[in-house]
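Here are the chains, one letter per residue:
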Amino acid sequence: MSQADSISGEPQIGAQDPRALRRHIVLVTGLAGAGRSTALKCLEDIGYEAVDNMPLDLLPHLVTGLAQASLPAMSKPVALGIDSRTTGFSSDGFIELVRQLKTDKRFRVSLVFLDCEDEVLRRRYTETRRRHPLAQDRPVGDGILRERQLMRPLRAEADLVLDTSDTAIGDLKAMLTGHFGLAAQPDLAITIVSFSYKQGLPREADLVFDVRFLENPYYDPALRPLSGQDAAVGRAIEADPAFPGFFAALTSLLWPLLPGYEGEGKSYLTIAIGCTGGRHRSVFVAGKLAEWLKERGRSVTLRHRDVGRAAG
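Residues numbered from 1 in each chain as written. Predicted model: local features only at pLDDT ≥ 70, side-chain atom pairs only at ≥ 80, totals over all residues. Heavy atoms only, no water.

Student: What is the right way to read the overall build of the chain from this model?
Tutor: Along its length, the chain carries ten helices and nine strands. Looking at the chain as a whole, 46% of its 312 residues are labelled buried. Contacts in the chain between residues at least 24 apart in sequence constitute 82% of all its contacts with a sequence separation of at least 6. Taken as a whole, the chain presents about 15,100 Å² of accessible surface, with 50% of it coming from carbon and sulfur. (Helix = DSSP H or I, 4+ residues; strand = E, 2+ residues; numbered from the N terminus. Buried < 20%, exposed > 50% of the residue type's maximum accessible area, 1.4 Å probe, protein only. Contact = heavy atoms within 4.5 Å. Areas by Shrake-Rupley, 256 points an atom, 1.4 Å probe, with all protein chains shown as cover.)

Student: In this structure, what is going on with the packing of aromatic side chains? I would like to understand it.
Tutor: In this description, a pair of aromatic rings is defined by centroid distance and the angle of the planes. Here the structure, examined in full by the defined rule, presents seven aromatic pairs. Between Phe 243 and Phe 247 the ring centres are 5.6 Å apart and the planes differ by 20°, which places this aromatic pair in the stacked class. A residue pair is termed a helical-turn pair when its members lie 3 or 4 positions apart in one helix, as Phe 243 and Phe 247 do in helix α9 (residues 242-263) at four residues. The exposure classification of Phe 243 matches that of Phe 247, with both residues buried. Between Trp 255 and Trp 292 the ring centres are 5.6 Å apart and the planes differ by 90°, which places this aromatic pair in the edge-to-face class. Note that Trp 255 is positioned in helix α9 and Trp 292 in helix α10 (residues 281-295), a separation of 37 residues in sequence. (Phe/Tyr/Trp six-rings, centres within 6.5 Å; stacked < 30°, edge-to-face > 60°.)

Student: Even after reading the chapter, I still don't get the environment of Asp 92, so can you show me in this structure?
Tutor: Inspection of the secondary structure assignment puts Asp 92 in helix α4 (residues 91-103). Taking the relative accessible area as the measure of exposure, Asp 92 reaches 62% and is therefore exposed. When the C-alpha atoms of Asp 92 and Leu 154 are compared, they prove to be 8.4 Å apart, with 62 residues separating the residues in sequence.

Student: Explain the pairing of strand β8 (residues 268-275) to me, please; I cannot follow it from the model alone.
Tutor: The side chains of a regular strand alternate between both faces of the sheet. Of all eight residues making up β8, eight are buried, and the element is well covered by its neighbours. Judged by which residues are buried, β8 turns out to be covered on both faces: Tyr 268, Thr 270, Ala 272 and Gly 274 on one side and Leu 269, Ile 271, Ile 273 and Cys 275 on the other are all buried. Of the pairings in the sheet, the one linking strand β6 (residues 189-196) to β8 comprises eight bridges and is parallel in character. The residue of β8 that forms the bridge with Ile 190 is Leu 269. Where strand β7 (residues 207-210) meets β8, four bridges bridge the pair, whose relative direction is parallel. (Pairing = 2+ DSSP bridges.)

Student: Can you help me understand the sheet that holds strand β4 (residues 107-115) in this one?
Tutor: In a beta sheet, neighbouring strands pair by backbone hydrogen bonds and run either parallel or antiparallel. If you trace the five strands from one edge of the open sheet to the other, you get β2-β3-β1-β4-β5, paired in parallel fashion. The open sheet has two free edges, formed respectively by β2 (49-52) and β5 (160-163), since each of these has just one partner strand. The sheet shows a mean angle of 20° between the axes of neighbouring strands, direction not considered. Along the sheet, α4 makes contact with β1 (23-30) and β4, crossing β4 at roughly 145°. Lying on the sheet, helix α6 (residues 140-157) is in contact with β1, β4 and β5; it crosses β4 at an angle near 140°. (Axes fitted to C-alpha atoms, helices over the stretch in contact; angles between N-to-C directions.)

Student: When you look at unusual backbone geometry in this model, what are you seeing that I'm missing?
Tutor: With the exception of glycine, most residues fall at negative phi, and the peptide bonds are largely trans. Its identity as a non-glycine residue notwithstanding, Asn 53 has a phi of 55°, on the positive side. By the element assignment, Asn 53 lies in the loop between β2 and α3 (59-68). Take Asn 53: its relative accessible area is 38%, and that puts it in the partly exposed class.

Student: When you look at helix α8 (residues 231-238) in this model, what are you seeing that I'm missing?
Tutor: Count 3.6 residues to each turn of an α-helix, and residues three or four apart come out pointing the same way. Considered for burial, the residues of α8 that qualify are Val 233, Gly 234 and Ile 237. Buried residues of α8 fall within an arc of 100° about the axis and therefore sit on the same side. Among the exposed residues of α8, those pointing more than 90 degrees away from its buried face are Ala 231 and Arg 235. The elements touched by buried residues of α8 are α9 and α10. (Arc of directions from axis to C-beta.)

Student: Could you clarify how one ought to interpret the side chain of Ser 84 in this entry?
Tutor: For Ser 84, the position within the fold is in the loop between β3 (78-81) and α4. At 2.6 Å, the side chain of Ser 84 forms a polar contact with the side chain of Glu 147. Once you skip the residues sitting within four places of it in the chain, Ser 84 turns out to touch Phe 89, Leu 134, Glu 147, Leu 150 and Met 151. (Polar contact = N/O pair within 3.5 Å; in protein donor to acceptor, adjacent residues only side chain to side chain.)

Student: Looking at this structure, I do not really get the sheet that holds β8. What am I missing?
Tutor: Taken together, the four strands give an open sheet; going across it, the order is β7-β8-β6-β9, and neighbouring strands pair in parallel fashion. The sheet is open, and its two edges are formed by β7 and β9 (299-304), each paired on a single side. Each neighbouring strand pair of the sheet contributes to a mean axis angle of 20°, computed without reference to strand direction. One ladder, built from six bridges, connects β6 with β9; its direction is parallel. Across the sheet, residue Ile 190 finds its bridge partner in β9, namely Val 300. Along the sheet, α9 contacts β6, β7 and β8; its crossing angle with β7, the most-contacted strand, is approximately 180°. Sheet strands touched by α10: β6, β8 and β9. Its angle to β6, the strand with the most contacts, is close to 165°.

Structure (structure tokens):
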């Protein structure tokens with residue numbers, strides 16, 4: 001009998017609605033150094049039982065225990081951290097377990113993969129003076145490459161991929177809460193992020209809007225040192241003849257999309273607004289859009305990814 005075979009089984013819940021009793025299991029994996037332990041702590045903070053680095057061979061036994069727990073305990077969700085450092089790890093074996101778990105109607109299973117840019121991973125290992133687990137006697141870059149190849153099938157299998165390259169702990173917690181928060185949410189948890197095209201697209205973005213066609217306050221010496229959070233910059237952008245029509249079209253496009261996303265079961269939406277330097281136009285438009293949505297009762301988190309970088 002394989003590991004996957006040992007965790008299968010039919011729910012024993014009588015005539016009650018199985019969906020109301022399914023225990024949520026969030027499996028957190030990804031590249032070493034991408035923030036798995038931090039993600040588990042975030043999930044623990046919002047009410048999950050968190051277990052890290054469980055040997056892969058023990059996962060079926062844990063699942064059996066969860067399935068045999070009394071019904072009150074079934075309401076407590078579980079977050080499990082498993083990656084290439086886990087004893088007995090193999091991508092194929094892990095994928096087999098995940099697929100089998102998803103056929104078990106006693107559970108609702110989500111696989112989260114934490115990714116990160118190679119250079120950021122190198123910097124994190126250099127700053128902490130830790131050795132990469134797959135490159136004990138070789139350069140860190142070799143370990144990152146080897147692990148990325150090893151974990152590629154898991155990334156393709158994941159229900160949710162989060163890139164932590166430019167993500168603060170608070171932002172990661174907000175994203176995880178949006179996807180896996182325990183409190184019932186009447187609508188989408190929306191995050192609006194401003195960014196600089198020079199620094200690359202936010203990988204977590206669902207929708208991206210480019211506002212580089214607007215007049216750039218950077219070229220006004222009085223506005224250059226300011227940001228889109230300053231009133232003078234906002235007035236300058238709103239005075240651009242292109243702005244009113246654009247903003248009206250943007251909100252007209254977005255508003256009818258939101259019920260559609262909710263109807264498909266989506267719980268978290270990231271809207272990215274980009275300009276050249278990520279300091280003036282994108283910051284103002286992102287703030288303006290967040291304000292517009294909040295006025296209409298939507299739950300919105302606003303983040304300015306690159307506002308502290310050089311203007312442009």
